[in-house]
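Summary of the model geometry
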There are 4 protein chains.
Amino acid sequence: MARDIKKVVLAYSGGLDTSIILKWLQTTYNCEVVTFTADLGQGEELEPARRKAEMMGVKEIYIEDVREEFVRDFVFPMFRMNAVYEGVYLLGTSIARPLIAKRLVEIARETGADAVAHGATGKGNDQVRFELSAYALNPDIKVIAPWREWEFKSRTDLLDFAEKNQIPVAKDKRGEAPFSVDANLLHSSSEGKVLEDPAQEPPPYVFQRSVSPEEAPDKATTIEIGFRKGDAVSLNGKDLSPATLLAALNDLGRDNGIGRLDLVENRFVGMKSRGIYETPGGTILHTAHRAIESITLDREAMHLKDSLMPRYAELVYYGFWFSPEREMLQALVDRSQENVEGTVRLKLYKGNVTVIGRESDMSLYSDALVTFEDDRGAYDQRDAAGFIRLNALRLRTLAMRDRLTRKD
Amino acid sequence: MARDIKKVVLAYSGGLDTSIILKWLQTTYNCEVVTFTADLGQGEELEPARRKAEMMGVKEIYIEDVREEFVRDFVFPMFRMNAVYEGVYLLGTSIARPLIAKRLVEIARETGADAVAHGATGKGNDQVRFELSAYALNPDIKVIAPWREWEFKSRTDLLDFAEKNQIPVAKDKRGEAPFSVDANLLHSSSEGKVLEDPAQEPPPYVFQRSVSPEEAPDKATTIEIGFRKGDAVSLNGKDLSPATLLAALNDLGRDNGIGRLDLVENRFVGMKSRGIYETPGGTILHTAHRAIESITLDREAMHLKDSLMPRYAELVYYGFWFSPEREMLQALVDRSQENVEGTVRLKLYKGNVTVIGRESDMSLYSDALVTFEDDRGAYDQRDAAGFIRLNALRLRTLAMRDRLTRKD
Amino acid sequence: MARDIKKVVLAYSGGLDTSIILKWLQTTYNCEVVTFTADLGQGEELEPARRKAEMMGVKEIYIEDVREEFVRDFVFPMFRMNAVYEGVYLLGTSIARPLIAKRLVEIARETGADAVAHGATGKGNDQVRFELSAYALNPDIKVIAPWREWEFKSRTDLLDFAEKNQIPVAKDKRGEAPFSVDANLLHSSSEGKVLEDPAQEPPPYVFQRSVSPEEAPDKATTIEIGFRKGDAVSLNGKDLSPATLLAALNDLGRDNGIGRLDLVENRFVGMKSRGIYETPGGTILHTAHRAIESITLDREAMHLKDSLMPRYAELVYYGFWFSPEREMLQALVDRSQENVEGTVRLKLYKGNVTVIGRESDMSLYSDALVTFEDDRGAYDQRDAAGFIRLNALRLRTLAMRDRLTRKD
Amino acid sequence: MARDIKKVVLAYSGGLDTSIILKWLQTTYNCEVVTFTADLGQGEELEPARRKAEMMGVKEIYIEDVREEFVRDFVFPMFRMNAVYEGVYLLGTSIARPLIAKRLVEIARETGADAVAHGATGKGNDQVRFELSAYALNPDIKVIAPWREWEFKSRTDLLDFAEKNQIPVAKDKRGEAPFSVDANLLHSSSEGKVLEDPAQEPPPYVFQRSVSPEEAPDKATTIEIGFRKGDAVSLNGKDLSPATLLAALNDLGRDNGIGRLDLVENRFVGMKSRGIYETPGGTILHTAHRAIESITLDREAMHLKDSLMPRYAELVYYGFWFSPEREMLQALVDRSQENVEGTVRLKLYKGNVTVIGRESDMSLYSDALVTFEDDRGAYDQRDAAGFIRLNALRLRTLAMRDRLTRKD
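Residues numbered from 1 in each chain as written. Chains lettered and ligands numbered in written order. Predicted model: local features only at pLDDT ≥ 70, side-chain atom pairs only at ≥ 80, totals over all residues. Heavy atoms only, no water.

Applied cut-off: UniProt positions are given in the numbering used here, feature names are shortened, and annotations may be inferred rather than shown by experiment.
If you look chain A up in an unreviewed UniProt entry, it shows as Argininosuccinate synthase from Faunimonas pinastri. UniProt, in its Pathway (unreviewed entry) section for chain A, records the words "Amino-acid biosynthesis; L-arginine biosynthesis; L-arginine from L-ornithine and carbamoyl phosphate: step 2/3." As recorded by UniProt, the Catalytic activity (unreviewed entry) comment attached to chain A reads in full: "L-citrulline + L-aspartate + ATP = 2-(N(omega)-L-arginino)succinate + AMP + diphosphate + H(+)".

What follows is the structure, encoded as structure tokens:
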């Protein structure tokens, strides 16, 4: 009872699972498949994906380096908000999904495809993120989620299908992987299998892009990040493009044991899951952004942002990047970042990111202002008495009411 | 033009500044002074305060150990909320003020005093916190804030007054302190003078209750904290009272270089200030509490808490502890903590607090539930399709509207 | 492919649709059906429902008057929050669903049934409200939603089935109703068919429980409502039970043309729908509650409530009554209502509900307090200068920064 | 101890009180006074103000019609948010203050004045609104608030001063007014004296710009308002400028008894006050704006706006119009209004504003979309089952946990 599909654009990594999906789409829907393989900074060669796709008869193969777009249009806007999900997660997986979905939909239009397909399972958040984004960008698009549709019951079924269809299976993929991984320029996540018991510490081999704090150098590294309009623009005095800058921070973070996270999170589909995340450069960037804001952002602007951050993070995590509500919040945040510029100095040492200095021409804590406060009499300590007394007035009224009406 | 005051209760530390205040109150208001000296865990002997007060003719001297009350009734309720001000500050100074104010007001009632006095300056938050709390608890109380009232213009004026009034001045207090300090069982803060330039790293001698990460042991320490109803109740399997437990965490944090913070914050009175804070035990506790919540708290309960946390932290920071709005938020939070119990294992290493395990009989991530999900068919992957499609419906409607009405 | 069901409890109105459902359940699932018919104040006789159920062979028939429970445990707690969905809707249908679901689940336990069933369609909110409530109260309960399951395509199919199964169809039910109605003690809603075009004014015959403002008396009616702990407890000086009081307000509202609403609302399932609602008594109660709060509730307590009200209303509308987040918000609200007591006088006139007086022993606007402010010098106008200057400090700092750094 | 002031710009109405202030400024500060008199639509002749100012020797007299700016740049942006303070107040007085302050500061710059002055008392909100706005626009401006500064103790003192200084006092101003009034194109407010007891109904003579519902015509008036980008642009098919449109709505509202409000509100300075407000046109506009949003605004966009509305209203009420936080919220709101266009039909009848139709090319409830939903299979009722089951998953998990761990 497969739907009538003429052509489908598949988010194709070149790995075993999406190769199986590619073949399954061809055989199940009897349709043409277009592949899209993106370099999001996951650190894998993309050319093998091309060869495999060609081998399976794909005629339209899209392989693209989207790293700059990813950091500039997705990661940086999110970091302007200091977005953190459930107090700890920097949303490294979440933020990559809308970009992939956007390219799938665009390629569908270019190639005349009527559907898109992805390799996310039916229990996770990624399916939601892919599909909400796709529907938001093209309301008529059809979405194929093979993991929710096919009849395979086990890893063995999948491998049988691969074998039967001449899909090459590397020796080390025969057994089940001890955990599953997602990676991009912002982070790597590891989930499942050996990591499922939240009472158990993750084994060291889970970590892939950072040394442990113990293994990091015994000497601190000091760096300086420059900001303009809320975005990082330079490292140690040198202007860098968004993706180049994040990559450089990743190297620094990796070497200094920064950005590891072991958490239990709440998925949008209603269950808790345990993940091990590494966000080396993002962790540095988050700390630096808060620091530059601390001297350039007004108190109420900051508090308003902070009060809306959990909602924004939830939207990104749930997959509502392309939604009016995320865009409204973004408009609010971006309005606040106009003067968020200057430099932050940080010390990186065995897992710690420590702010050791912030400077800005836009500082609301500059010498000129401090002097203004003293010399021009801008701050009169007696003002504080009135300030406190009027802030207290309603509290005193309450206390008097309570005293007058106490029933005991 | 001093007001008519008969008797005043002074928050008295025994140090030079509050000794000068004590004398100033006696001479300016010609009134009786009652002293209140609290052991909040600041790590100072209190008996010298008694001797000094006696020497200055004080007849009613209150010296009290309020550490358990401080942690049980102020610190722990705040930690149930995971309160953090402006993304980083654990509110260590803020949370001590309402307790001191409460005791001042109570002692005023006991001793028939008509006023309370404190040693906070006119530029800071503490004056607000003391006075809002005092007014909320007794609407008729008079508040004397000597720093806002007296005519002294400089440190020299103060020392002259001390000398003239036979107040002993220790040799090392003759010069101005290079920065000012506040401490209690939860944290120490250092501010002012050498710390005023936020571009400059704080000198090492500023830190008082923690070693630096660099100086901390090369080997990690593993601990286990037990929780009941959202509060920490045991350490490494041993039940401890609130204050004893926090003290033990402070020792662990101090030894492992944990809880140092260098920040620029926004004061309630409208200016930015720079502080160096040390919260060794509190930093561990905060991380542990989030971890036990991660397996025992429902997603929406957590997100609701998180969305209100900035407001709660602001209230505590501004001094509105004794206010209906803080109490309403507390009622909301406490309602969520009933099942927040279990144990968290953490690794402490050179400034890092790493969660390495969480367990709970109240877990929403227990084997029993995971099994229920698979075996009883509680999770049907096909449900995800409907879930996504209805979540997408409004986004698709928007996309269709935009397509139909596009003006270009 | 019907699931294996042994016994099901059906929310049974006695009307044609739920009679068809009853029979369909018996024939499709070949299971025993228990009926539950509630008197929620919808204004219909319930005994016919008993006779029909008996006629169809039902052995366990529950007919209950739940009006007091409905108003006391559902309507009143919601009115403490002043809950309004999307600025206008008083949630009259939404709030009845969790009570019905709760009784279905309880009766299932009492009768050993393994499923519950309801007559809500697959496009609306009510299915969500019923089912979320049922699952929250019994995680193993099975839910049957016939409108989503059966194969009937049209009204004719349904009537054929009724005829074939000897279900009596009243003559006036042969044609399709021009719109569909839901009613309980709080409100009546009318939706669908002739009401579907939001550009068209509803025809007068849609309204069922109120006269139009034009038809209402030319003379105003003045009433007085008494409150205790945020709930209405008396009318015109006479203590009344919750349901009796609401019924009396309904009569007053009906006669005076009060509480009609024509709106387009956003359903949880993602579409907009148009409804005509009548909430005569609830509209009066809402206005009166705000008025008694205006003199007894502290400003920040009120503003905190107001800021959370949209979220609370959304939860009730979506069906999350039995959820930790609604209960947390309720704890917050209830904490605020302790002193919300006193009386409110209102004028009812041709659709208008006008507050013309409020009094309370708990007033924060009492003579005693006003006098206190003047006579005891509690309000010193000079305090306002300091209050304003410190509130302005950050704005002045911003203005100075902007002036110093202006780039043009 | 008056400060050194060279020239001051006074917000001058031409009435007795500001005439006294004018003279008092001249005599107390011995400075030049510039007068600014604005036509905000308060319905008073402004030429007498010119003559009086000339008579008192004022050389720089500014008299300006700012009605269009008022409605376009202040009232309309606020109405895009549906701002309502404390559930009922449409902020008619609040919104006029920042405009006056802005012109005062601009005129100060043009005329080389170093100060501005206003006639608001020390107990109210208006002083805060004027002064916060002034400081935000010029951090160095000096503000003179005569009511907080002068020594007059009573009305008699004021009249004596007037007499002594040849300020003409109209006969009917000799006695104290029974209440005080503020008016502009959006509303009129009446406060104080005879209105101070919130238990007493206001006497009919208080109302100034509307008939009572009882006096309004027995026949309804039907009107149609057109919207573009969230702002009203036409009435009954005719394009009108902002101020002209609001004036026309005022006439309609006045004639039909619309927009009267009797409330107790919480002032920013900490006390409750009672006011009688009339906002005839604004009440109609508010209802119409909600109605056009109901068909053109996405659900989540609306709910996000609604959740932030109380904060926005608070900011306007407190006087923080010219603040980063208000501007950030405005950016969010304005982002949502791009497609809020179409027409709303309303019935005005004896105090009631009833929506009877809404239409829009941008409707998210259009036939095209409804058809899309049915015909293209966009809504599959079976999707609802999955939607509900995943929304219920966490609730079921909670219920199972509770059952497993129940302690009784």
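On we go from here.
**Description of the environment of A:Ile276**
Residues and elements named next belong to chain A. Keep this limit in mind: Secondary structure is summarised from DSSP: a helix means a run of H or I of at least four residues, a strand means a run of E of at least two, and numbering begins at the N terminus for each. Relative accessibility decides the category of a residue: with a 1.4 Å probe and only protein chains considered, values under 20% of the type maximum give buried, values over 50% give exposed, and everything between is partly exposed. Here a residue-residue contact requires only that any non-hydrogen atoms of the pair lie within 4.5 Å.
Summarising the element assignment, Ile276 is placed in strand β12 (residues 272-278). Accessibility expressed as a relative area gives 0% for Ile276, which makes it buried. Each C-alpha atom of the pair Ile276 and Ser189 lies 5.7 Å from the other, and the pair is 87 residues apart in sequence. Filtering out sequence-adjacent residues up to four positions away, Ile276 remains in contact with Ser188, Ser189, Ser190, Leu195, Pro202, Val206, Phe207, Leu261 and Asp262.

**A few points about the interface of chain A and chain D**
Where we set the bar: Buried area counts how much accessible surface, traced with a 1.4 Å probe, disappears from two parts once they are put together, with both parts' losses summed. The rule for a salt bridge is simple: a side-chain nitrogen of Lys or Arg has to be within 4 Å of a carboxyl oxygen of Asp or Glu. Whenever a nitrogen or oxygen atom comes within 3.5 Å of another N or O atom, the pair is scored as a polar contact, on the condition that within protein one atom can donate a hydrogen and the other can accept it, and that pairs from neighbouring residues in sequence are kept only if both atoms are in side chains. Three classes are used: nonpolar for Ala, Val, Leu, Ile, Met, Phe, Trp, Tyr, Cys and Pro, charged for Asp, Glu, Lys and Arg, and polar for all others, with Gly counted as polar.
Every contact between the two is made by 24 residues of chain A and, on the other side, 24 residues of chain D. Summing the contributions of chain A and of chain D, the shared interface buries around 2,200 Å²; its carbon and sulfur component is 68%. Our count for the contact surface shared by chain A and chain D stands at four salt bridges. The salt bridge involving D:Glu327 is made with A:Arg335; its shortest N-O contact spans 3.1 Å. Between chain A and chain D we count four residue pairs in polar contact (both at pLDDT 80 or more) in total. Among the elements of the structure, α10 (299-318), α11 (324-336) and α13 (381-405) of chain A are those that each provide at least two residues to the side of chain A that touches chain D. Here the side of chain A that touches chain D gets nine residues from one element, more than from any other, and that element is α11(A). Looking at the side of chain A that touches chain D residue by residue, the class counts come to twelve nonpolar, two polar and ten charged.

**Looking at the sheet that holds strand β8 (residues 221-228) of chain A**
Residue and element names in this part refer to chain A. Applicable threshold: Strand pairing requires that DSSP identify at least two bridges connecting the strands. To obtain each axis, a line is fitted to C-alpha atoms, and for helices this fit is confined to the stretch in contact; angles are then taken between N-to-C directions over 0 to 180 degrees.
Reading across the sheet, the five strands line up as β10-β9-β8-β13-β14 and stay open at both edges, with antiparallel pairing between neighbours. A strand with exactly one partner marks an edge of an open sheet, and here the two such strands are β10 (238-239) and β14 (352-359). Of the pairings in the sheet, the one linking strand β13 (residues 342-349) to β14 comprises seven bridges and is antiparallel in character. Residue Leu346 lies in a different strand from β14, and its bridge partner there is Val355. Those strands touched by helix α8 (residues 242-255) are β8, β9 (231-235) and β13, and its axis lies near 70 degrees from that of β9. Running over the sheet, helix α9 (residues 280-296) touches β8, β9, β13 and β14 and is turned about 30 degrees from β14.

**Remarks on the domain arrangement of chain A**
All names here are of chain A. What counts here: In this entry, domain limits derive from an automatic or database-based domain assignment.
Partitioning chain A into domains gives domain 1 (7-65 + 94-179) and domain 2 (184-359). Each of domain 1 and domain 2 has a C-alpha centre, and the two are 28 Å apart. Buried surface at the junction of domain 1 and domain 2, both sides included, amounts to about 1,800 Å², of which 67% is carbon and sulfur. Run the count over domain 1 and domain 2 and you get zero salt bridges. Summed over the shared surface of domain 1 and domain 2, the result is six residue pairs in polar contact (both at pLDDT 80 or more). For the side of domain 1 that touches domain 2, the elements supplying multiple residues, two or more each, are α4 (97-111) and α5 (126-137). Element by element, the count of residues in the side of domain 1 that touches domain 2 is highest for α5, at seven residues.

**Observations regarding the relation of the copies chain A and chain D**
This is how the line gets drawn: Superposing copies: least-squares fit, C-alpha atoms only, residues required to have pLDDT of at least 70 in both.
The two copies are related by a screw motion: chain A maps onto chain D through a turn of 180 degrees and a shift of 0.0 Å along the axis, at an RMSD of 0.0 Å. Taken together, the rotation and translation describe the operation of a two-fold axis. Among all C-alpha atoms of chain A, that of A:Leu332 lies closest to the rotation axis, at 2.5 Å. Here 100% of the interface residues in chain A have copies in chain D that are interface residues too; the copies meet face to matching face.

**Re the relation of the copies chain A and chain B**
Turning chain A through 180 degrees and shifting it by 0.0 Å along the axis lays it on chain B, with an RMSD of 0.0 Å. Most of the interface of chain A is mirrored in chain B, where 100% of its interface residues are also at the interface.

**Topic: the environment of D:His303**
Looking at the secondary structure, you find D:His303 in helix α10 (residues 299-318). With residues near it in sequence (within four places) discarded, D:His303 still touches C:Tyr85, C:Glu86, C:Glu314 and C:Tyr318.

**So, the UniProt feature "binding site: ATP" (unreviewed entry) in chain A**
Residue and element names in this part refer to chain A. Taken from the UniProt record, the annotation "binding site: ATP" (unreviewed entry) applies to Ala11, Tyr12, Ser13, Gly14, Gly15, Leu16, Asp17, Thr18, Ser19, Ala38 and Gly119. Mapped onto the elements of the fold, Ala11 is located in strand β1 (residues 7-11). What Ala11 contacts, discounting residues up to four positions off in sequence, is Thr18, Phe36, Ile100, Leu104 and Ala117. Each residue touching Gly119, except ones within four places of it in the same chain, is listed here: Ile21 and Trp147.

**Focus on the sheet that holds strand β11 (residues 260-266) of chain D**
Residue and element names in this part refer to chain D. The strand order across the open sheet formed by four strands is β6-β7-β12-β11, and the pairing between neighbours is antiparallel. In this open sheet, the two strands that pair with only one neighbour each are β6 (180-183) and β11. Neighbour to neighbour, the strand axes of the sheet diverge by 25 degrees on average, direction disregarded. The pairing of β6 with strand β7 (residues 188-191) spans four bridges and is antiparallel. Paired with Ser180 across the strands is Glu191, a residue of β7.

**Some details on the interface of chain A and chain B**
The interface of chain A with chain B comprises 88 residues on the first partner and 88 residues on the second. For the pairing of chain A and chain B, the buried interface totals around 7,600 Å² over both sides, and the portion due to carbon and sulfur atoms is 55%. Between chain A and chain B we count eight salt bridges in total. Close ionic contact of B:Arg358 with A:Asp262 constitutes a salt bridge, the shortest N to O distance being 2.7 Å. Seen at the junction of chain A and chain B, the total is 40 residue pairs in polar contact (both at pLDDT 80 or more). It is α13(A) that provides the largest number of residues to the side of chain A that touches chain B, a total of 16 residues. Looking at the side of chain A that touches chain B residue by residue, the classes come out as 39 nonpolar, 18 polar and 31 charged.

**What to know about the UniProt feature "binding site: L-aspartate" (unreviewed entry) in chain A**
As recorded in UniProt, the feature "binding site: L-aspartate" (unreviewed entry) lies at A:Thr121, A:Asn125 and A:Asp126. Take A:Thr121: it is sitting in the loop between β4 (115-117) and α5. When sequence neighbours within four positions are dropped, the list of residues in contact with A:Thr121 reads A:Gln127, A:Trp147 and B:Gln381. Among the polar contacts listed, one links the side chain of A:Thr121 to the backbone nitrogen of A:Lys123, at a separation of 3.4 Å.

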